[in-house]
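Given next are the chains, with one letter for each unit.
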Amino acid sequence: MALLASHLREVTIIDLSDCSKLTELTLICLVKCCPLLEELRMKCTDLGRGRPLGSTSMKNRSKIRTLDLSENMHFNDKTLIQISFICPELRTVDLSCSERLTNVGIACLGLNCPYIRTLDVSGCRGVTNLGDEGFDELETLWAYESRIGDDGLLMALPRCRYSLRVVGLGETKVTRYGVTKVIEGCSRLRGICVSGAELHKLLLHKGLYKKGIYKKRSLVGSQSKTTLSRKSAGSLISLYSVLEILALKLL
């Protein structure tokens, strides 16, 4: 990869998804050799199994703004923290289906990358909150099938109440209480996705929404951000139908 990266100095977008033998050392190599790189996708790789990143690597700061590290079975807090030091300019981060991640890694990401606007932690079963600090500019949060509940959601609310626009909470532990607080506390909220008839009725009852839109989709191998079910890393997905509940806030 080092030899190839030396010829990519003017590249701004790189997609290495499904290259199963690539580790965090590849990311470091690209940071060093590609100063103009703004978007990097390393979905379904071997992140988390490479050699620990040394302190010298931390001196190489990247201008990467979009980072897709989803569906990496071995991706862990330590690797995420190291990457957050190297990529402080991140705006969009996809960590979905990274089951080894916990609150520790997410909290450090928020502290080290203060400009994140879109975060996807769907399927991260070890994540229950976003930490005590950071994510002040968060606009979009996807948290389908995570362990985030009312407490975790409300912990982040004071920091992003003026920036949050879209929230995806399908198949989480968030209850009617948490959804109500988000609706009432986020002045710029434009969309919220929830699962369950009770929560859907709440959105309609509040009178803040135009209407509830039901969409039934048949999906094969898809991981749409607006579905209520996502496949876990490395697993297969079969044909199924998803009832999506989407409410749009009245402009």
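Overview of the structure. For clarity, every value in this text was computed on a predicted model and none was experimentally measured.

**Section: the overall build of the protein chain**
Part 1 of the argument: Across its full length, the protein chain holds seven helices and ten strands.
Part 2 of the argument: Restricting the contact set of the protein chain to residue pairs at least 6 apart, pairs at least 24 apart contribute 70%.
Part 3 of the argument: Accessible surface, the protein chain: about 11900 Å² in total, of which carbon and sulfur atoms supply 52%.

**What to know about the side chain of Glu71**
Part 1 of the argument: In this structure, Glu71 sits in the loop between strand 3 (66-68) and helix 3 (77-86).
Part 2 of the argument: The buried category is assigned to Glu71, whose relative accessible area is 7%.
Part 3 of the argument: There is a polar contact of 3.3 Å between the side chain of Glu71 and the side chain of Lys43.

**Quick notes on the packing of helix 5 (residues 150-160) against helix 6 (residues 176-185)**
Part 1 of the argument: At a minimum axis separation of 9 Å, helix 5 and helix 6 run at an interaxial angle of 15°. In this view, helix 5 runs roughly parallel relative to helix 6, as classed from their interaxial angle. Of the two elements, helix 5 crosses helix 6, and the hand of that crossing is left-handed. Only Tyr177, Gly178, Lys181 and Val182 of helix 6 make contact with helix 5, whose side of the interface consists of Asp150, Leu153, Leu154 and Leu157.

**Observations regarding the environment of Ala143**
Part 1 of the argument: Structurally, Ala143 can be placed in the loop between strand 6 (140-142) and helix 5.
Part 2 of the argument: Among the residues examined, Ala143 registers a relative accessible area of 0% and is labelled buried.
Part 3 of the argument: As for Ala143 and Val167, which are separated by 24 residues in sequence, their C-alpha atoms are 7.8 Å apart.
Part 4 of the argument: When residues no more than four places from it in sequence are discounted, the contact partners of Ala143 are Val121, Ser122, Ile148, Gly168, Leu169, Gly170 and Thr172.

**Digging into the state of the cysteines**
Part 1 of the argument: Applying the stated criterion across every chain, the model contains zero disulfides.
Part 2 of the argument: Cysteine Cys33 shares no disulfide, and the gap to the nearest cysteine sulfur, in Cys29, comes to 4.3 Å.

Cut-off values and rules
- Residues numbered from 1 in each chain as written.
- Predicted model: local features only at pLDDT ≥ 70, side-chain atom pairs only at ≥ 80, totals over all residues.
- Heavy atoms only, no water.
- Helix = DSSP H or I, 4+ residues; strand = E, 2+ residues; numbered from the N terminus.
- Contact = heavy atoms within 4.5 Å.
- Areas by Shrake-Rupley, 256 points an atom, 1.4 Å probe, with all protein chains shown as cover.
- Buried < 20%, exposed > 50% of the residue type's maximum accessible area, 1.4 Å probe, protein only.
- Polar contact = N/O pair within 3.5 Å; in protein donor to acceptor, adjacent residues only side chain to side chain.
- Axes fitted to C-alpha atoms, helices over the stretch in contact; angles between N-to-C directions.
- Parallel < 35°, antiparallel > 145°, perpendicular 65-115°, else oblique.
- Left-handed = near helix turned anticlockwise from the far one by under 90°.
- Disulfide = S-S within 2.5 Å.

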